[in-house]
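Residue-level structural notes
Each chain, letter by letter, is given below.
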There are 2 protein chains.
Amino acid sequence: MRVVEVIERKRDGAKLSAEEIDRIVLGFTKGEVPDYQMAAFLMAVVWRGMDDEETAWLTDSMVRSGKRLDLSRYGRVVDKHSTGGIGDKVTLVVAPLVAACGAPVAKMSGRGLGITGGTLDKLESFRGYRVDLTTKELMTQLGRIGIVVTGQTKDLAPADGAMYALRDATGTVPSIPLIASSIMSKKIAAGAHAVVLDVKVGAGAFMRTVRQARELARLMVAIGEAHGLDVTAELTAMEAPLGNAVGNSLEVAEAIATLRGDGPADLRDVVLAAGAEMLYLARRARTRAAGRAMLERAIADGSGLAKLRQLVAAQGGDVTMVDDPSRLPRATRLRTLTAERTAYVARLDASLVGLASVRLGAGREKKGDPIDHATGIVLRAKPGDRVARGEPYAEVHSSGGSGDAEALDMVGRAFTWRRTTVRPPKLMLGTVRSSHGGSAPLPPPGASLDP
Amino acid sequence: MRVVEVIERKRDGAKLSAEEIDRIVLGFTKGEVPDYQMAAFLMAVVWRGMDDEETAWLTDSMVRSGKRLDLSRYGRVVDKHSTGGIGDKVTLVVAPLVAACGAPVAKMSGRGLGITGGTLDKLESFRGYRVDLTTKELMTQLGRIGIVVTGQTKDLAPADGAMYALRDATGTVPSIPLIASSIMSKKIAAGAHAVVLDVKVGAGAFMRTVRQARELARLMVAIGEAHGLDVTAELTAMEAPLGNAVGNSLEVAEAIATLRGDGPADLRDVVLAAGAEMLYLARRARTRAAGRAMLERAIADGSGLAKLRQLVAAQGGDVTMVDDPSRLPRATRLRTLTAERTAYVARLDASLVGLASVRLGAGREKKGDPIDHATGIVLRAKPGDRVARGEPYAEVHSSGGSGDAEALDMVGRAFTWRRTTVRPPKLMLGTVRSSHGGSAPLPPPGASLDP
């Protein structure tokens, strides 16, 4: 089978076989298929798409391009993934809460790029926090404290990393089958038994419409099913940023506040929905409502925050910053935006806020750029809120860089005002589940890892 | 302007600007744009197409990637190009005839690949014939004898060569704008003032339908107009091979016979149509009918054959082979296919005959393969002809290679027979001309090069 013939078949709209997809993906990983053939193939996939079976085969090839972790000895391991948004610090809150409720959480996260922040960058706000655990360290820590949040190791789904770098340079990112297989190959290779996906929808997300997001969610659930994973995808709004803080330390401080029972309502809602689903799929809770109650207890009794402290300590981070968030990196300058007249926030453009955070140095324009952990934006008003004349509606935390004036202007422009009342927008936009999702019985009590 | 943004704009169906196309094409030629970005771009062009203006800009970028010859001192130089077919030896006949009628012909030809033969390979049947003239040698020879047929020099439209190699490996060959710009960039860079294109249509050609062929023809004429060239495209049938001979020496012998007034009718028709148009566009003939009469005289008085002799001599070939074609390379084995019962040839599949010639070693499977100049096929019957029981309908000339049996079988299967009379198929399928094509007056007599 010649590689050019596989490219030609996809170009002409044919359905590829598992063998043909293997030929391209594994050949590419081994360096037998040159990057220009992969680039042409990827553009043909953007053009012609892939059906569910092809996408599952593609995912499978990507998984088989490297190692697949076996975490079964730790019980049913549950993972969580967000497709990325502005102010999305859900992992920082939900992973410790779920682990505190006894479900092992092994999460491999990424760095931020463009307007989308990354969990690894946020965690590095804790001085000394390591995101480069080896597989052995990951396994040891998971066994010891039931939680790990680290970077992707190079031996898991290496085809995905190489393909993603090429997609980024060749305009072949926007393809639902390519996005779905990229996310799911990493989750499968990382050894998860169940995955909760947070598919962001709106102006600040990659999926602009509920329809696109639902298609991506459906496809990822189908891929998970084909690989024996329980997968639930929740569609959540990303028109405005999630929570009030945007920027690394600021988001970490908001996550700690949320673990203390003091977080913004929208962030808390997404955390409880995702966490309840995680506990249910991990078979730690008989119902989602029971899972939600467990999470609320883990907030109330401080066990969630204690688990975050354990996580930071285990990965070499400065735990005094968990106990006293004022010790996190702090910006040197603070500018407050105040309302010129009394009005309601009609809309708040997440992508403009995200762009402003990049200008402040909190995000990176391109891979490898350094970031400033101290800077960012705190939104004092969200859509639906009333702001009286002279009251503050946003804070800009900066380090005195050249992008500050532009950032301030962007934050101002991100707000659309109205004189009359505004109904707060809907946050939870739907759920897509595996047909057999979570229907298996609870494991015996002896299987409990972290009671 | 970032290259990935240009790729994305084409992916999304936008019309690119001249600057954007330059960025990709000239960047690629200089090695600044990597081949994987060019590959993704090419697939996006196959997908989304290009309008006439974009295609003209693309052609212009490709021309400006290298040198452009200025042949004005030799008068109005006319070129000729065929999109490629089986048994197409038109150049070998028409170039000497037109040159003999006083229009300078500077033709850069290619090698054969797959079922399509190449003029350079055919000319190399003359022992010693050089196809690698330098630009200086080309100019000197054009001035001296008014005819050159050589290979493309590397400094003309280098972007085209590099892009074509990439297209071949990435499934991005079948795109009318890419085909049109590839052909026309070479013609423009080579300094032609007028071009006659022979666009082949049918089972043995790249363009399968008259509709596709007409679109390709229309686009090439438009590109030529945008660059100040007079272009005429003739659509000719390529269901059956052109003429009777397929294979290098066999085709050369048939070309010599045609120059002697003794060629097959279909070949002679295509030669006279293309040659008359060339003379008209070169302003050597006031009308096409007058051009046709000039060509017929050049056959009758032997001046066409004399010009071929001059060409072969000038480029180092063995002229005794022109005088005595039996001295051309000859196959060692001859198999004749005879009719099992009396019937008419209903169809003759050019692509099967072409494949058979590749099996005999007369063509190459991939670039760089050696070829056998002696082998090939002679068709003793063409569609519409009646063959009596026991009479020969085809000869297979071979060198005793491993593909002989398969080739013989293919030639047999290429013929479809019918008991009742068959109307010979139409050969000339239409013409597309520049709106101002050839309307300028004849040059003053003093400009004549080869009176």
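Residues numbered from 1 in each chain as written. Chains lettered and ligands numbered in written order. Predicted model: local features only at pLDDT ≥ 70, side-chain atom pairs only at ≥ 80, totals over all residues. Heavy atoms only, no water.

Some thoughts on the relation of the copies chain B and chain A
Put simply, the rule reads: The superposition of copies rests on a least-squares fit of C-alpha positions from residues with pLDDT of 70 or more in both. We call two residues in contact when some of their heavy atoms are within 4.5 Å.
Superposition of chain B onto chain A requires a rotation of 179° combined with a translation of 0.1 Å along the rotation axis, giving an RMSD of 0.1 Å. These values place the two chain copies in the arrangement generated by a two-fold rotation axis. For chain B, the smallest separation between a C-alpha atom and the rotation axis is recorded for B:Tyr36, amounting to 2.0 Å. When the interface residues of chain B are mapped onto chain A, 100% of them again lie at the interface, so the same face is used by both copies.

Observations concerning the domain arrangement of chain A
Residues and elements named next belong to chain A. Short version of the rule: Per the annotation, domain bounds derive from an automatic or database assignment of domains. Joining two parts hides part of their accessible area as seen by a 1.4 Å probe, and the buried area is that hidden amount summed over both. Any Lys or Arg side-chain nitrogen found within 4 Å of a carboxyl oxygen on Asp or Glu counts as a salt bridge.
Examined at the domain level, chain A breaks down into domain 1 (3–49), domain 2 (72–325 + 427–438) and domain 3 (330–418). Of note, the centres of domain 2 and domain 3, computed from C-alpha atoms alone, are 25 Å apart. Taken together, the contacts link 25 residues of domain 2 with 26 residues of domain 3. Carbon and sulfur atoms supply 59% of the area that domain 2 and domain 3 bury against each other, a total of about 1,800 Å² over both sides. There are two salt bridges connecting domain 2 and domain 3.

A short note on the packing of helix 5 (residues 90–100) of chain B against helix 13 (residues 288–300) of chain B
Residues and elements named next belong to chain B. Selection criterion: Every axis in this analysis is a line fitted to C-alpha atoms, fitted for helices over the stretch in contact. Angles between the N-to-C directions lie between 0 and 180 degrees. A helix here means a DSSP run of H or I that spans at least four residues, while a strand means a run of E at least two residues long, and both kinds are numbered starting from the N terminus. When an angle is under 35 degrees it counts as roughly parallel; over 145 it counts as roughly antiparallel; between 65 and 115 it counts as roughly perpendicular; any other value is oblique. Classification used: nonpolar for Ala, Val, Leu, Ile, Met, Phe, Trp, Tyr, Cys and Pro, charged for Asp, Glu, Lys and Arg, polar for all others including Gly.
Direction vectors running N to C along helix 5 and helix 13 enclose 100°, while the axes themselves pass 9 Å from each other. With respect to helix 13, the element helix 5 is oriented roughly perpendicular. Contact with helix 5, carried on its side by Leu-97, Val-98 and Ala-100, involves Leu-295, Ala-298 and Ile-299 of helix 13 and no other residues of that element. Looking at side-chain class alone, the contact of helix 5 with helix 13 contains six nonpolar, no polar and no charged residues.

Topic: the sheet that holds strand 12 (residues 415–418) of chain B
All names here are of chain B. This is how it is decided: In short, DSSP must find at least two bridges between two strands for them to pair.
As summarised here, the arrangement of the three strands in space is 10-8-12, forming an open sheet in which the pairing is antiparallel. The sheet is open, and its two edges are formed by strand 10 (386–387) and strand 12, each paired on a single side. Of the strand pairs in this sheet, strand 8 (residues 343–348) and strand 12 are connected by four bridges, and their pairing is antiparallel. Bridge pairing in strand 12 places Leu-348 opposite Phe-415. Relative to strand 12, helix 17 (residues 404–414) is tilted by about 35°, and along the sheet it contacts strand 8 and strand 12.

A look at the packing of aromatic side chains
The test is simple: Note on ring pairs: Phe, Tyr and Trp rings are taken, using the six-membered ring of Trp, and paired if centres are within 6.5 Å. Classes follow the plane angle, with under 30 degrees stacked, over 60 edge-to-face and the rest tilted. Each residue's exposure class comes from its accessible area (1.4 Å probe, protein chains only) as a fraction of the maximum for that residue type: buried when under 20%, exposed when over 50%, partly exposed otherwise.
On inspection of all chains with the given rule, the structure shows seven aromatic pairs over all chains. Ring geometry for A:Tyr393 and A:Trp417: centres 4.9 Å apart, planes at 80°, overall edge-to-face. Of this pair, A:Tyr393 sits in strand 11 (residues 392–398) while A:Trp417 sits in strand 12 (residues 415–418), and the two are 24 residues apart along the sequence. Residue classification places A:Trp417 among the partly exposed residues on the basis of a relative accessible area of 31%. Pairing B:Tyr393 with B:Phe415 gives two aromatic rings, centres 4.7 Å apart and planes at 70°, and the pair type is edge-to-face. You can see B:Tyr393 sitting in strand 11 (residues 392–398) and its partner B:Phe415 sitting in strand 12, a full 22 residues away along the chain. Residues B:Tyr393 and B:Phe415 agree in their burial class; the two are buried. An aromatic cluster is defined as three or more aromatic residues linked by ring pairs; in this entry it consists of A:Tyr393, A:Phe415 and A:Trp417.

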